Amino acid sequence: MTKDEAPTMKVARLTQERLAELIERFGRQRIAVLGDFFLDKYLDIDPRIADVSVESGKTAHQVVGVRMSPGAAGTVTMNVAALGPGQLHAIGLTGDDGEGYDLRKCLTALGCTHDHLHVGADRHTPQYLKPRDITDLSLAGEHPRFDTKNRTPTPPELERRIMESIDALLPELDALVVMDQIEMDECGAVTTAVREMLADRAKKFPRVIFWADSRRRIRRFRNTVIKVNQFEAMGWASWLPEDEVPLADLCPAVERLRAQNGLPVFVTRGSQGMLVSDPWTLVPGVRIDGEIDPTGAGDSCSAGCVLALCAGATPPEAAVVGNLVASITIQQLGTTGTARREQLPDRLALWQKQQEEMGS
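If you're wondering where the values come from, they're calculated on a predicted model, not measured in any experiment.

Scanning the chain for helices and strands turns up 10 helices and 16 strands. Over its C-alpha atoms the chain spans a radius of gyration of 20 Å, differing by no more than 12% from the 21 Å that the globule rule assigns to 360 residues. Seen along its three principal axes, the alpha-carbon backbone of the chain occupies a region of about 70 × 50 × 40 Å. Buried residues in the chain amount to 53% of all 360 residues. Entry remark: accessible area of the chain is about 15800 Å², with carbon and sulfur atoms responsible for 51%. Put simply, the chain has 41 plus and 50 minus side-chain charges, and the middle of one group is 3 Å from the middle of the other.

Structure representation (C-alpha cells):
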C-alpha cells in the first residue's frame with residue numbers, strides 16, 4: 001500500500017443485543033496484565049491553609065487528603081477489574097518499599113492477585129506523585145507531577161522470575177495484556193528477553209489473546225495484537241494536543257505494522273475514535289461535551305477491547321467497546337477513571353444516535 005492507495009474502509013457497527021451478549025461473557029474471562037505497575041498517589045492540597053517554612057521561607061503546601069490507585073499497567077488493570085472479569089492477575093516487579101505495599105493493597109481491593117508481582121531489593125516501586133488543588137477540580141488545578149522510575153537495567157533474576165510467572169499462568173488465561181511503560185530500555189518488566197519469550201509463547205498458545213501497548217518499543221513485538229496511537233504508528237517521538245495524522249499517511253504506516261507483527265493493529269485517534277486493520281474499519285469515537293481528562297484513555301480503551309475480544313467480538317466490535325469505555329473514563333477529572341459494564345448500554349445508545357445524526 002502506498003500513501004496514495006488508501007484501503008477500502010468499513011464503518012463499525014454494534015447493536016445493543018450484540019453488546020449485551022458480549023458483556024454477559026465478561027465474567028468468565030481470565031486476564032493477566034504484565035508490565036510496569038506504578039502507584040498513582042494523589043495529594044489533595046488546600047491552598048487556603050498554606051503555611052510558610054520558618055527555615056526556608058518557602059511555601060509549605062498543606063496536604064488534606066491522600067488517594068492512591070494502581071497506575072500505568074495498573075491503570076489497565078483497574079479498568080479490566082471495573083468491567084468484571086472472572087479472574088485477574090498482575091505480573092511485574094516492585095521495590096521493597098512502602099509504595100509497593102500500597103500498590104498491593106490497591107490491587108487486592110480490585111480483586112487482582114499479585115503473587116506474580118516480584119520484589120527486587122534494588123528496585124523502586126515506580127510512582128506518579130500527583131499534587132492537586134482541591135479548590136479547582138479542573139485540569140488547571142493539577143500541580144507539576146513527580147515521577148519515580150527505575151533507571152538501571154532489570155536484574156536477570158527478576159527477569160527470570162517474571163518469565164516463570166508467565167509460563168505458570170498462561171495455560172489458564174484467556175488474555176495476556178502487556179503494558180511496556182518505562183521509557184528507558186531494559187529497565188522495566190518487559191525486557192528484550194521477555195518480548196522474545198512472548199513472541200514464542202503466542203505461537204504456542206494460539207487461543208490466548210496477546211495484546212501489547214508500548215510507549216517506545218511497539219515495533220519490537222511479534223505475534224501479538226498491538227494497540228498504538230496515531231502518532232506512535234507513524235514513529236513520532238512527540239506531538240502536540242492539536243496534532244492529527246491524515247488517514248492517507250496513517251494507513252500505510254499501519255499496514256507496515258500489520259505486516260511486521262502478523263496480527264491486527266488497533267490505532268487510537270483521539271476524539272475521532274479508532275482505526276482497525278482487520279478488516280480496515282473506521283470506528284468513530286463518542287462525542288463528549290464539556291471538559292475531559294484524556295489521561296489513561298488509551299489504557300481504558302485497551303481494557304474494553306481485550307475483554308470484548310475474549311468474549312468473541314470481532315476487532316471492529318471490540319474497538320467500539322473500547323471507545324465506549326474510554327468515553328466514560330475521560331469525563332472523570334482529577335482521578336483515574338473507570339467504566340462499569342452497566343454503563344455501556346447507555347453510552348452505546350448515545351454513540352448510535354450520534355452516528356445516525358451524521359448519516360453513518
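Attention shifts here to empty space enclosed by the protein. In total, this model carries one cavity of 30 Å³ or more according to the counting rule given. Here the largest cavity is characterised by a volume of approximately 30 Å³. Lining the largest cavity, in full, are G35, D36, F37, L93, P126, N150, I182, C187 and G188. Class assignment for the residues of the lining of the largest cavity results in five nonpolar, three polar and one charged.

Residues F26, I31, F266, V321 and L344 are the most contacted members of the largest nonpolar core, which totals 55 residues. Those residues in contact with L344 that lie beyond four places of it in its chain are L19, I23, F26, L83, V321, L324, V325 and I328. Judged by nonpolar contacts, the second largest core, of 36 residues, contains A32, L34, L173 and W280.

With eight of nine residues buried, strand 3 (residues 37-45) is to be regarded as a mostly interior element. Sheet topology places strand 3 next to strand 6 (residues 63-72); nine bridges connect them, and they run antiparallel. Looking at the pairing, I45 lines up with V63 of strand 6. Summarising the sheet, strand 3 and strand 9 (residues 127-133) pair through seven bridges and their orientation is parallel. When the sheet's bridge partners are listed, L39 is paired in strand 9 with Q127.

It is worth spelling out the sheet that holds strand 9 at this point. Backbone-to-backbone hydrogen bonds pair the strands of a sheet. The strands run either parallel or antiparallel. Sheet architecture is open: four strands sit in the order 6-3-9-10, paired in mixed fashion. On the outer flanks of this sheet lie strand 6 and strand 10 (146-148), each paired with one strand and no other. Taking the axes of each pair of neighbouring strands and ignoring which way they run, one obtains an average angle of 20 degrees across the sheet.

Moving on, we come to the packing of helix 1 (residues 16-26) against helix 9 (residues 315-329). The contact between helix 1 and helix 9 brings their axes to 12 Å, and the two run at 80 degrees. Accordingly, the angle class assigned to the pair helix 1 and helix 9 is roughly perpendicular. On the side of helix 1, the interface is formed by R18, L19, L22 and F26, while helix 9 contributes E317, V321 and L324. The residue inventory of the contact of helix 1 with helix 9, partitioned by class, reads five nonpolar, no polar and two charged.

Helix 9 packs onto helix 8 (residues 297-310) with a crossing angle of 140 degrees between their chain directions and a minimal axis gap of 7 Å. With respect to their mutual orientation, helix 8 and helix 9 come out oblique. Helix 8 and helix 9 meet at a crossing whose hand is right-handed. Every residue of helix 9 that contacts helix 8 at A297, S300, C301, G304, C305, A308 and L309 is listed here: P315, A318, A319, V321, G322, N323, V325, A326 and T329. Residues that form the contact of helix 8 with helix 9 fall into these classes: 11 nonpolar, five polar and no charged.

According to the stated counting rule, one finds 29 salt bridges in the structure shown. Where E172 meets R30, a salt bridge forms, and the shortest distance between an N and an O atom there is 3.8 Å. In this pair, E172 is assigned in the loop between helix 4 (156-169) and strand 11 (175-180) and R30 in strand 2 (residues 30-35), connecting sequence segments 142 residues apart. Salt bridges linked by common partners bring D180, D185, E186, R195, R217 and R220 together as one network.

Criteria and thresholds
- Residues numbered from 1 in each chain as written.
- Predicted model: local features only at pLDDT ≥ 70, side-chain atom pairs only at ≥ 80, totals over all residues.
- Heavy atoms only, no water.
- Helix = DSSP H or I, 4+ residues; strand = E, 2+ residues; numbered from the N terminus.
- Rg over C-alpha atoms; globule rule 2.2 N^0.38 Å.
- Buried < 20%, exposed > 50% of the residue type's maximum accessible area, 1.4 Å probe, protein only.
- Areas by Shrake-Rupley, 256 points an atom, 1.4 Å probe, with all protein chains shown as cover.
- Lys, Arg positive; Asp, Glu negative; His and termini not counted.
- Charge placed at Lys NZ, Arg CZ, Asp CG, Glu CD.
- 1 Å grid on protein atoms, 1.4 Å probe; cavity = no way out; pocket = protein on both sides within 12 Å on 5 of 7 lines; lining within 4 Å.
- Points joined across faces, edges and corners; volume = space filled by probe spheres on them.
- Nonpolar A, V, L, I, M, F, W, Y, C, P; charged D, E, K, R; others polar.
- Core = buried A, V, L, I, M, F, W, Y, C linked by side-chain atoms within 4.5 Å.
- Contact = heavy atoms within 4.5 Å.
- Pairing = 2+ DSSP bridges.
- Axes fitted to C-alpha atoms, helices over the stretch in contact; angles between N-to-C directions.
- Parallel < 35°, antiparallel > 145°, perpendicular 65-115°, else oblique.
- Left-handed = near helix turned anticlockwise from the far one by under 90°.
- Salt bridge = Lys/Arg side-chain N within 4 Å of Asp/Glu carboxyl O.

By themselves these figures say nothing about function.
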